[in-house]
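Below, each chain spelled out in residue letters.
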Amino acid sequence: MTDGARVATRPGVRPPREAATHCPYCALQCGMVLREAGERIEVAPRDFPTNRGGLCQKGWTAADLLDHPDRLTTPLLRDRPGGDLRPASWDEALDRVTAGLRAVQERHGRDAVAVFGGGGLTNEKAYALGKFARVALRTRHIDYNGRWCMSSAAAAGMRAFGLDRGLPFPLADLGRADTLLLVGANPAETMPPLMRHLADQRERGRRLIVVDPRLTATARQADLHLQPLPGTDLAVANALLHIALTEGWLDRAYVADRTTGFDEVRRTVAGCWPAEVERLSGVPVADLEATARALATVDRAIILTARGAEQHAKGVDTVTAFINLALALGLPGRPGSGYGCLTGQGNGQGGREHGQKADQLPGYRRIDDPAAREHVAAVWGVDPAALPGPGVPAYQLLDSLGTAHGPRALLVFGSNPVVSAPRAARVESRLRDLDLLVVADLLRSETAELADVVLPVAQWAEEDGTMTNLEGRVLRRRALREPPPGVRTDLAVLAGLAARLDAPGAFPTDPAAVFAELRRASAGGPADYAGVSWDRIDADTGVFWPCPDEDGPDTPRLFADRFPTPDGRARFRAVTHRPAAEPVCADYPLHFTTGRVLAQYQSGAQTRRIAALHRAAPGGFVELHPDLAGRLGVADGEEVRVVSRRGELRAPARLSPAIRPDTVFAPFHWPGAARANSVTNDAVDPVSGMPEFKICAVRVEKA
Ligand code: SF4
């Protein structure tokens, strides 16, 4: 039996002592250089088009985790429910996983095993994980935590443009925009080097407008801050289009020549009176008018959405409303203009292009498309009929675990749903109900703590690969050194399991070989990487997909002449405001919203362990307006309970006039009593499956 030996670099190539690579965290993928300096590894910023020589605190300290004492260097096994995890050999661990998977599938069928991936995995790992699920396990159940990041914008982009690429233009275009509208985005805290592009814009005297229920670090830099009630962005967008329509600011030639479906949108927004939207959202009519004018009466304008607008049970329609506005003003396809979405996770873009999503095959192909199945099956060397059909979105998958009709075994790669999933206590309970939970991670995350088998895997500086950043630019991640003894790459883990499961086809452990296969599998698909080679990436600052031909151009800017729809036109779609899934009431009279802080990343499993980041952001908190705190009799720093119908969190109050008096905020990076997702709502968008992280009804009490 072959395990797939640990391979962190290309065969025969000794890992360099200095590596020009990218930060392991967010989708900005800042360029950095790693250097071995005696026992230490130094991080230095590297000039790259996205970060222009900047890094945030998270990037500067990323190497602190490489030799962290919490690092896992041996597999762990739990011998009986409730027992402790104990060290084990790789053979014992992989045998246990294989036997468990076989037993579950023999008893309950192939779909009784599920796979849950992550938006931080490289393209090669995301591709291999999707292939492993469909070919080795032959289960339809695979999805990933990127579902909670980008899926609403992705679905809206597909619906309108026929393609989903976060930014359809290079990030540098932000600096060229005369007006930039940021909706539910706080890059000053989530990806600070991006603000350098906004500084370009400001230096030219251009306007920045921010839509956010909180006066965030980004909103403080804006010329105009709209502070709507959470969950009313869609109404705000429709009001902006109503004003543009009334004032005659539409680009009629663009609408006529490049789009379809505007008449229905015109009828819908005609009834979105700004005064009514002011009553609903709290945004003054004058600010709505100023925003519409600032977007419509300049040469170049860009509208960007992020999680604040997207993480709602109507996230797809909310993004659609802003796309409608952009199309009506004739923005997409012009340099320095357009609509885009700011991706969150490091490989949130690439992670959803190559097969981790329940309904997709590599190259952003649909798994229910017979031609797509045939193409990918040929690359994988299997019968198309043997490929499973589509699975279900992430929350639906997790919520079904261990139930009568749900999977009984789960493999988790690069994700920590115990902290990051909505209604997290319920998800935690579902995970406990499984017959077998396997977690591949570099640390004992909160999800790993529940596992029957934990597999220690390599970190970003220990393996080569590619990532696709928020611009759709494919980048090279370069290894500085090999993983420590006892640690394997995710590719090696998948290869070892595939061999034990007698899977057909090949599961290479060399990321270069996996990428070569990914190129063939994606060829001809919407996200076509066929012309993207590692050498080509190395020769420049990355390659923008689609890039079908190695000798042909890549595509930094999309939609210049046509949209990738059957008729080449973008599609308007009429959308209307609807209330949040859980309205406030006498028992739960406040709105609750979640987000991030500068010094922590996602579930915090990595950044919470870095001393400098822990000092900067040591724990959760509940932000509330001083007026609200006064009514509740709560002092700054006093512990409070935030209670919803699903659970509660406890954390110190942080009083701030930056938030609306009817809304409270908590960051979601911490587990335990401060876990914000104990409170959040698991209502999901019917199109994207995005949970409603950004609004639910709560009450706040002194603890
Ligand atoms: S976390 Fe994001 S913004 Fe910060 S250094 Fe890393 S890639 Fe750049």
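An unreviewed UniProt entry lists the protein chain under the name Molybdopterin oxidoreductase family protein, with Micromonospora fulviviridis as the source organism.

Engineer: Just checking my understanding: could you explain the overall build of the protein chain for this structure?
Structural biologist: Scanning the protein chain for helices and strands turns up 23 helices and 28 strands. Expected size for 703 residues packed as a compact globule is a radius of gyration near 27 Å; at 24 Å, the protein chain falls within 12% of this value. With respect to the three principal axes, the spread of C-alpha positions in the protein chain is 70 × 65 × 55 Å. Counting across all 703 residues of the protein chain, residues that qualify as buried make up 67%. Long-range pairs, those at least 24 residues apart, make up 74% of the contacts in the protein chain with a sequence separation of at least 6. In the structure as shown, the protein chain presents an accessible area of about 23,100 Å², 49% of it carried by carbon and sulfur atoms. Looking at charge distribution, the protein chain has the averaged site of its 85 positive side-chain charges lying 1 Å from that of its 85 negative ones.

Engineer: Looking at this model, I keep getting lost on the packing of aromatic side chains. Mind explaining?
Structural biologist: Note on aromatic pairs: each is described by the distance of the centres and the angle between the planes. The tally for this structure, following the rule as stated, stands at 13 aromatic pairs. Aromatic side chains Phe161 and Tyr339 sit 6.4 Å apart centroid to centroid with 35 degrees between the ring planes, which places their arrangement in the tilted category. Pair noted here: Phe161 is in helix H4 (residues 151–161) and Tyr339 is in strand E13 (residues 338–341), with a separation of 178 residues, a long-range link. A ring pair is formed by Phe515 and Trp534, whose centres lie 6.3 Å apart and whose planes are at 40 degrees; its orientation type is tilted. One end of the pair, Phe515, is in helix H20 (residues 511–522); the other, Trp534, is in helix H21 (residues 534–539), with 19 residues separating them in the sequence. Here a set of aromatic residues connected by ring pairs shows up, and it is made of Phe161, Tyr339, Phe559 and Phe563. The ring of Phe507 has Lys131 lying over it, and the distance from NZ or CZ to the ring centre is 4.9 Å. Note that Arg214 overlies the ring of Phe665, its terminal NZ or CZ placed 3.6 Å from the centroid.

Engineer: I tried to follow the pairing of strand E23 (residues 590–595) on my own but got confused; where do I start?
Structural biologist: The two faces of a sheet get side chains in turn, since along a regular strand they alternate between them. Counting buried positions over the six residues of E23 gives six, a clear majority of the element. Of the two faces of E23, both are covered, the one formed by Leu590, Phe592 and Thr594 as well as the one formed by His591, Thr593 and Gly595. Of the strand pairs in this sheet, E23 and strand E28 (residues 696–702) are connected by three bridges, and their pairing is antiparallel. Note that in E28 the partner of His591 across the bridge is Ala697. Relative to strand E27 (residues 663–667), E23 is paired through five bridges, and the arrangement is parallel. Looking at E27, one finds that Phe592 is bridged to Val664.

Engineer: Would you mind going over the packing of helix H15 (residues 370–380) against H20 with me for this structure?
Structural biologist: Two numbers describe a pair of packed helices, the interaxial angle and the distance between the axes. Interaxial distance between H15 and H20 falls to 9 Å at its minimum, and their mutual angle equals 155 degrees. When the axes of H15 and H20 are compared, the pair comes out roughly antiparallel. As for how H15 packs across H20, the hand of that crossing is right-handed. In this structure, H15 uses His375, Val376, Val379 and Trp380 to contact H20, whose residues at the interface are Glu517, Arg520 and Ala521. Of the residues assigned to the contact of H15 with H20, the class counts are four nonpolar, one polar and two charged.

Engineer: Is there a simple way to explain the pairing of strand E8 (residues 179–183) in this structure?
Structural biologist: Among the five residues that make up E8, five are buried, leaving the element largely enclosed by the rest of the structure. Where burial is concerned, the two faces of E8 agree: the one with Thr179, Leu181 and Val183 and the one with Leu180 and Leu182 are both buried. Sheet analysis places E8 next to strand E9 (residues 207–211), joined by five bridges and oriented parallel. By the bridge assignment for E9, Thr179 is matched with Arg207. Relative to strand E12 (residues 301–305), E8 runs parallel, the two being bridged by five bridges. Note on E12: the bridge partner recorded for Leu181 is Ile303.

Engineer: For this particular structure, what's the right way to read unusual backbone geometry?
Structural biologist: Among all residues save glycine, negative phi is the norm, and among peptide bonds the norm is trans. Residue Pro546 is reached from Trp545 by a cis peptide bond, and omega for that bond is -5 degrees. Positionally, Pro546 belongs in the loop between strand E21 (543–544) and strand E22 (570–571). Positive phi is not limited to glycine here, since Phe559 has a value of about 70 degrees. Assignment of secondary structure puts Phe559 in the loop between E21 and E22.

Engineer: What am I meant to see in helix H19 (residues 490–500) here?
Structural biologist: Taken across its 11 residues, H19 has 10 buried, putting it largely inside the fold. Within H19, the full set of buried residues consists of Asp490, Leu491, Ala492, Val493, Leu494, Ala495, Gly496, Leu497, Ala498 and Arg500. In the core, the buried residues of H19 are packed alongside helix H2 (90–108), helix H3 (123–137), strand E16 (409–413), strand E17 (436–441), strand E18 (453–456) and H20. One or two positions beyond H19, positive phi appears at Asp502, with a value near 55 degrees.

Engineer: Can you help me understand the sheet that holds strand E19 (residues 465–468) in this one?
Structural biologist: Picture the strands of a sheet paired through backbone hydrogen bonds; they go either parallel or antiparallel. Strand order in the open sheet formed by three strands is E19-E20-E21, and the pairing between neighbours is antiparallel. The open sheet has two edge strands with one neighbour each: E19 and E21. The pairing of E19 with strand E20 (residues 473–477) spans four bridges and is classified as antiparallel. Bridging from a neighbouring strand, Met467 pairs with Leu475 of E20. The strands touched by H3 are E19 and E20; relative to E19, the strand with the most contacts, the crossing angle is about 95 degrees.

Engineer: Mind showing me how you'd approach the site of the ligand here?
Structural biologist: In the vicinity of the ligand, the residues found are Cys23, Tyr25, Cys26, Leu28, Gln29, Cys30, Leu55, Cys56, Lys58, Gly59, Met191 and Pro193. Split into classes, the residues belonging to the shell around the ligand amount to nine nonpolar, two polar and one charged.

Engineer: What is the right way to look at the sheet that holds strand E3 (residues 40–45) in this model?
Structural biologist: Pairing within the open sheet is antiparallel, and its three strands lie in the order E1-E2-E3. Where the open sheet ends on each side, the last strands, each with one partner, are strand E1 (18–22) and E3. In this sheet, adjacent strand axes meet at a mean angle of 25 degrees when their direction is disregarded. Strand direction decides the pairing type here: strand E2 (residues 31–37) and E3, joined by six bridges, are antiparallel. Note that in E3 the partner of Leu34 across the bridge is Val43.

Engineer: Looking at this structure, how should I read the side chain of Gln360?
Structural biologist: Relative to the helices and strands, Gln360 is located in strand E14 (residues 360–361). Here Gln360 falls in the buried class, since its relative accessible area comes to 4%. Setting aside its immediate chain neighbours within four residues, Gln360 contacts Arg134, Arg352, Glu353, Gly355, Arg365 and Ile367.

Engineer: How should I be thinking about helix H18 (residues 424–432) in this particular structure?
Structural biologist: Each α-helix turn comprises 3.6 residues. Residues three or four places apart therefore point the same way. Listed in full, the buried residues belonging to H18 are Ala424, Val427, Glu428, Arg430 and Leu431. Projected down its long axis, H18 carries its buried residues within an arc of 160 degrees, all on one side. Buried residues belonging to H18 abut helix H16 (394–400), E16, helix H17 (417–420) and E17.

Rules behind the numbers
- Residues numbered from 1 in each chain as written.
- Predicted model: local features only at pLDDT ≥ 70, side-chain atom pairs only at ≥ 80, totals over all residues.
- Heavy atoms only, no water.
- Helix = DSSP H or I, 4+ residues; strand = E, 2+ residues; numbered from the N terminus.
- Rg over C-alpha atoms; globule rule 2.2 N^0.38 Å.
- Buried < 20%, exposed > 50% of the residue type's maximum accessible area, 1.4 Å probe, protein only.
- Contact = heavy atoms within 4.5 Å.
- Areas by Shrake-Rupley, 256 points an atom, 1.4 Å probe, with all protein chains shown as cover.
- Lys, Arg positive; Asp, Glu negative; His and termini not counted.
- Charge placed at Lys NZ, Arg CZ, Asp CG, Glu CD.
- Phe/Tyr/Trp six-rings, centres within 6.5 Å; stacked < 30°, edge-to-face > 60°.
- Lys NZ or Arg CZ within 6 Å of the ring centre and 35° of its normal.
- Pairing = 2+ DSSP bridges.
- Axes fitted to C-alpha atoms, helices over the stretch in contact; angles between N-to-C directions.
- Parallel < 35°, antiparallel > 145°, perpendicular 65-115°, else oblique.
- Left-handed = near helix turned anticlockwise from the far one by under 90°.
- Nonpolar A, V, L, I, M, F, W, Y, C, P; charged D, E, K, R; others polar.
- Near = heavy atom within 4 Å.
- Arc of directions from axis to C-beta.

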